[in-house]
Amino acid sequence: TEILVDVQHVSKHFPIGRGLSLAKKQVKAVDDVSFTINKGETFGLVGESGSGKSTLGRAILQLEKLTGGEVLYGGSPLSGLSSKKMGKYRKEMQMIFQDPYSSVNSRLKIGEIIAEPLKWHLKLSKQEIQSRVEELLEQVGLKREWVSRYPHEFSGGQRQRIGIARAIALNPAFILADEAVSALDVSVQAQIINLLQDLQAKMGLTYLFIGHDLGVVQHISDRVGVMYLGKLVEIAPSKAIFQEPAHPYTRVLIDSIPNGKRTNKLKAEGEIPSPANPPSGC
Ligand code: ADP
């Protein structure tokens, strides 16, 4: 196995509060996190809201300036690169969001939305862009002739497909999927996960798949990392995570899955840290 992403002691702390307080307070959104993602694998990151998953994902993509640590991509450190050198990685490392339209102009047609990264990064003729966009629509299970429609004409699942088309437009190697299926109905979630797995097989993609639902994350991932209060408290093959959780918080997550599959292993109140009742000193 070849390592694609090597996360080394990454921290991201945000200052909180304002004013002239001498003791500057900080929230340790990500605190000394280390792990690796192998080429071609899906690494899942799970944890409750606010545990630092998004910040860690954004830090890996260098969308956040690190407080400490380093991220290697294909063996090369990403920090301190000139914007020209970073451009190569911006193409290779893409992102899918929960709401693919939160960051795009809603007056754009879907063809224009998908074409944006092509226009930014490649020198293509209008004709070449048009045919590439239509090819991408087909790749994600949408119709070529929908190119001139607007995002609001599509369902949630279809909109997620448009976001995926945009993310794969530049033939990336690595995709951060941040709560990419969380807002969708279960049956639509399954369709989008199928599409992601299909594209992974065809394009050799590597995913960092972030979600708060351990069942979903476990299903799609080869390995799962559990985030808790800014720390990565456990990494396990996803097949083993239900059987042999090593960290007490992982057991809390397992027990919170509401499908009745898991028996409640919580023995006594306070014995195991819960999201509502974090242990002191963390
Ligand atoms: P998750 O993705 O697991 O929900 P986040 O990474 O979004 O968690 O947030 C982790 C912590 O960092 C939270 O306490 C959040 O409020 C804080 N945080 C995230 N982004 C910022 C920011 N830009 N400024 C200040 N605090 C932030």
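Residues numbered from 1 in each chain as written. Predicted model: local features only at pLDDT ≥ 70, side-chain atom pairs only at ≥ 80, totals over all residues. Heavy atoms only, no water.

A. Layout of the overall build of the protein. What the protein contains, in helices and strands, is 9 helices and 10 strands. Counting the 282 residues in the protein, one finds 47% classified as buried. Considering only contacts within the protein whose residues lie at least 6 apart along the sequence, 66% involve residues at least 24 apart. (Helix = DSSP H or I, 4+ residues; strand = E, 2+ residues; numbered from the N terminus. Buried < 20%, exposed > 50% of the residue type's maximum accessible area, 1.4 Å probe, protein only. Contact = heavy atoms within 4.5 Å.)

B. Seen up close, the sheet that holds strand β5 (residues 76–77). Overall, antiparallel pairing links the 4 strands, which are arranged β2-β1-β4-β5 in an open sheet. In the strand order of this sheet, the two ends are held by β2 (25–38) and β5, each with one partner. The pairing of strand β4 (residues 68–73) with β5 spans 2 bridges and is classified as antiparallel. Bridge pairing links Tyr 73 to Ser 76 in β5. Taken strand by strand, helix α1 (residues 53–60) contacts β1 (3–16), β2 and β4, and its axis lies near 120° from that of β1. (Pairing = 2+ DSSP bridges. Axes fitted to C-alpha atoms, helices over the stretch in contact; angles between N-to-C directions.)

C. Just the site of the ligand, in detail. By nearness alone, every residue bordering the ligand is listed as Phe 14, Val 27, Ala 29, Glu 48, Ser 49, Gly 50, Ser 51, Gly 52, Lys 53, Ser 54 and Thr 55. Within the complex, the protein chains bury 60% of what would otherwise be the 560 Å² of accessible surface of the ligand. Of all the secondary structure elements, the ones that give two or more residues to the shell around the ligand are β2 and α1. Considering every element that reaches the shell around the ligand, the biggest residue donor is α1, with 3 residues. Residues of the shell around the ligand, tallied by class, amount to 3 nonpolar, 6 polar and 2 charged. (Near = heavy atom within 4 Å. Areas by Shrake-Rupley, 256 points an atom, 1.4 Å probe, with all protein chains shown as cover. Nonpolar A, V, L, I, M, F, W, Y, C, P; charged D, E, K, R; others polar.)

D. Examining the environment of Glu 112 more closely. Along the chain, the position of Glu 112 falls in helix α3 (residues 110–121). When the C-alpha atoms of Glu 112 and Arg 149 are compared, they prove to be 9.8 Å apart, with 37 residues separating the residues in sequence. At 2.8 Å, the side chain of Glu 112 and the backbone nitrogen of Lys 109 are in polar contact. (Polar contact = N/O pair within 3.5 Å; in protein donor to acceptor, adjacent residues only side chain to side chain.)

E. Spotlight on the nonpolar core. With 53 residues, the main nonpolar core has Val 133, Ile 162, Ile 164, Ile 168, Leu 196, Phe 209 and Leu 214 as its most contacted residues. Ignoring any residue separated from it by four or fewer positions in sequence, one finds Val 133 in contact with Gly 111, Ile 114, Ala 115, Leu 118 and Val 147. In terms of nonpolar packing, the next biggest core, distinct from the first, is built from 28 residues, Leu 61, Val 71, Tyr 73 and Met 93 among them. (Core = buried A, V, L, I, M, F, W, Y, C linked by side-chain atoms within 4.5 Å.)

F. Representation of the sheet that holds strand β3 (residues 42–46) in the model. Ordered by their spatial adjacency, 6 strands build an open sheet running β6-β7-β8-β3-β9-β10, and the pairing between neighbours is mixed. At either margin of the open sheet sits one strand with a lone partner, and together these are β6 (93–96) and β10 (231–237). Neighbouring strand axes in the sheet, compared pairwise and without regard to direction, differ in orientation by 20° on average. In this sheet, β10 lies alongside strand β9 (residues 223–228) in antiparallel orientation, the contact comprising 6 bridges. Pairing of Val 224 across the sheet is with Ala 236, part of β10.

G. Focus on the pattern of salt bridges. Under the counting rule described, the total for this entry stands at 8 salt bridges. Two residues, Glu 116 and Arg 166, come together in a salt bridge whose shortest N-O distance is 2.6 Å. A residue pair is termed long-range when its members are at least 10 positions apart, and Glu 116 in helix α3 and Arg 166 in helix α5 (residues 156–168) qualify at 50 residues. Under the relative-accessibility criterion, Arg 166 is labelled buried at 18%. The partner of Glu 138 in a salt bridge is Arg 144, with the nearest N and O atoms 3.0 Å apart. Its relative accessible area of 47% is what places Glu 138 among the partly exposed residues. If you follow the salt bridges from partner to partner, you end up with Glu 134, Glu 138 and Arg 144 in one network. (Salt bridge = Lys/Arg side-chain N within 4 Å of Asp/Glu carboxyl O.)

H. Local environment of the pairing of β6. Where burial is concerned, the two faces of β6 agree: the one with Met 93 and Met 95 and the one with Gln 94 and Ile 96 are both buried. In terms of strand pairing, β6 meets strand β7 (residues 174–178) through 4 bridges, oriented parallel. Its bridge partner lying in β7, Met 93 is registered against Phe 174.

I. Quick look at the confidence of the model for the protein. With 89% of its residues at a pLDDT of 70 or more, the protein shows a mean pLDDT of 88. Note that residues 260–282 has pLDDT below 50 and, in this model, 25 contacts with residues that lie over four places away or in other chains. (pLDDT = per-residue confidence, 0-100.)

J. Structural detail: the packing of aromatic side chains. In this structure the tally under the stated criterion is 4 aromatic pairs. Relative to Tyr 89, the ring of Tyr 73 has its centre 5.6 Å away and its plane inclined at 80°; by these criteria the two rings are edge-to-face. Here the residue Tyr 73 occupies a position in strand β4, and Tyr 89 occupies one in helix α2 (residues 83–92), the gap between them amounting to 16 residues. A relative accessible area of 4% places Tyr 73 in the buried class. (Phe/Tyr/Trp six-rings, centres within 6.5 Å; stacked < 30°, edge-to-face > 60°.)

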